[in-house]
Amino acid sequence: MHGPVAAPAALARERAAEVERAWAAAYEEARSSLASKGHDHVAWIEDLVRSGAAKRLARRDAGVGAALLRQAVATAARLPVDGVPLASLAASATGDSHALDRGSAVGLLVFRLVARLAGPVDSRGIEAWRESWDRVGVVCDELSAPVLVLGLSAEPDHPVAEALNLFAKAGEPHRLSIRSLLRFPFRFKTLPGTERTAYVCENPSIVAAVADRLGNRCPPLICVEGQPKAASRLLLQALTSQGWALLYHGDFDWKGIEIANFVLNRHGARPWCMTAADYRKAPPGVPLSGKPVQASWDSELESAMVRSGHAVHEEAVLESLLGDLASRPPTWSLLTDHDRGTVGE
């Protein structure tokens, strides 16, 4: 005689409890792996527990779910990064260069953390997906959103630097792709005795106007075109790593203040014609809308903007910016002897 046979309902409860213990162990392993990463990473794990996202993607198979969580956690432990292609991140974290593709199981899990780290974005769909990854330093497309520059030159050790120098000599704007900045080392050049300073603006219309008026007499000017994307961040980081100072100007509206805060705080830039006094001198533009933002560099600017109630876009202060740029010698070293003798005249 064999012992008593458990009832089917009891067996089912036992198996369900075993599965839940397996899931609990997988989540605890994930928590332990990310304990040193900080609040956002820990909160991400708790979100996965509450939402059941991993269970749904694993079709409630605890073994499959544990494997997905390990890959997701290995990726999360590397975030944020600086200018790493998505496929490279996936390969290094999981061994599969396609593991983070849009719509993949691991990619969907990790993107919940990416969205948390990136914060709200203005775009939708695939553009929102790319922008969120971009904000945590992951490059989804090496050729999208290149950075716009004028008057910037580098040692001509490779064809990309030579092209940059040709545009600088012609006084024409040029775009550098993420691919170029990741694959080629740039050693940016200055004239002997000049400061290594680059000017940074928010809007491409400023670069076009400066190119029209100053041409190759413009000191290095970089345009971030709104919230800095990967190419802009890579270039600014490359410049500061080589000892360059950055001076930033943007729109006097709440979005512009957010962008300025990012550039100043992330890249160590200094404000360029962006004080409360500069705002008061500028002609008022369209009415301000949105929630006020504190300017990290000037405690009076937010209150001055609230009292006025008007935005001031860069184009409205173009003449002031042009005058300041015209007073500075260009720092690239491809000027002709005649140009060197007449700089600043």
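Residues numbered from 1 in each chain as written. Predicted model: local features only at pLDDT ≥ 70, side-chain atom pairs only at ≥ 80, totals over all residues. Heavy atoms only, no water.

Next up on the list: the overall build of the chain. Within the chain, the secondary structure is distributed over 16 helices and eight strands. The C-alpha radius of gyration of the chain comes to 26 Å, more than 25% above the 20 Å expected for a compact globule of 345 residues. The dimensions of the chain, computed from C-alpha atoms along their principal axes, are 110 × 50 × 30 Å. Going through the 345 residues of the chain one by one, you find that 46% of them count as buried. A fraction of 71% describes how many contacts in the chain between residues 6 or more apart in sequence connect residues 24 or more apart. Approximately 16,600 Å² of the chain is accessible, and the part contributed by carbon and sulfur atoms is 53%. On the chain, the mean spot of the 38 positive side-chain charges and the mean spot of the 40 negative ones are 6 Å from each other. (Helix = DSSP H or I, 4+ residues; strand = E, 2+ residues; numbered from the N terminus. Rg over C-alpha atoms; globule rule 2.2 N^0.38 Å. Buried < 20%, exposed > 50% of the residue type's maximum accessible area, 1.4 Å probe, protein only. Contact = heavy atoms within 4.5 Å. Areas by Shrake-Rupley, 256 points an atom, 1.4 Å probe, with all protein chains shown as cover. Lys, Arg positive; Asp, Glu negative; His and termini not counted. Charge placed at Lys NZ, Arg CZ, Asp CG, Glu CD.)

Okay, the confidence of the model for the chain next. Caution applies to low-pLDDT parts of the model: their predicted coordinates are not meant to be read in detail. Model confidence for the chain is summarised by a mean pLDDT of 89, while 92% of its residues fall at 70 or above. Here residues 333-345 is modelled with pLDDT under 50, and outside its nearest four sequence neighbours on either side it reaches 21 contacts, counting other chains as well. (pLDDT = per-residue confidence, 0-100.)

With five of five residues buried, strand S5 (residues 197-201) lies mostly within the body of the structure. The side-chain alternation of S5 yields two buried faces, one formed by Thr197, Tyr199 and Cys201 and the other by Ala198 and Val200. Where S5 lies against strand S7 (residues 245-248), four bridges are found, and the strand directions are parallel. Paired with valine 200 across the bridge in S7 is tyrosine 248. Sheet topology places S5 next to strand S6 (residues 221-223); three bridges connect them, and they run parallel. Residue pairing across strands places cysteine 201 opposite cysteine 223, the latter belonging to S6. Note on the crossover from S5 through helix H10 (residues 204-214) to S6: the handedness is right-handed. (Pairing = 2+ DSSP bridges. Right-handed = clockwise from strand over helix to strand, strands pointing away.)

Bringing the sheet that holds S5 into the picture now. Pairing between the strands of a sheet is mediated by backbone hydrogen bonds and can be parallel or antiparallel. Within the open sheet, the six strands sit side by side as S4-S3-S6-S5-S7-S8. Their pairing is mixed. Strands at the two margins of the open sheet, each flanked by one partner only, are strand S4 (174-176) and strand S8 (270-271). Sheet topology places strand S3 (residues 147-150) next to S4; three bridges connect them, and they run antiparallel. Considered in S4, the bridge of leucine 148 is made with arginine 175.

This paragraph deals with helix H2 (residues 39-51). Because each turn of an α-helix spans 3.6 residues, side chains separated by three or four positions end up pointing in the same direction. Here H2 contains 13 residues, and its C-alpha end-to-end distance of 18 Å stays within 8% of the 18 Å for a straight helix at 1.5 Å per residue. Burial in H2 covers these residues: His41, Ala43, Trp44, Ile45, Asp47 and Leu48. Just past H2, the residue glycine 52 takes up positive phi, approximately 70°. (Expected span 1.5 Å × (residues − 1).)

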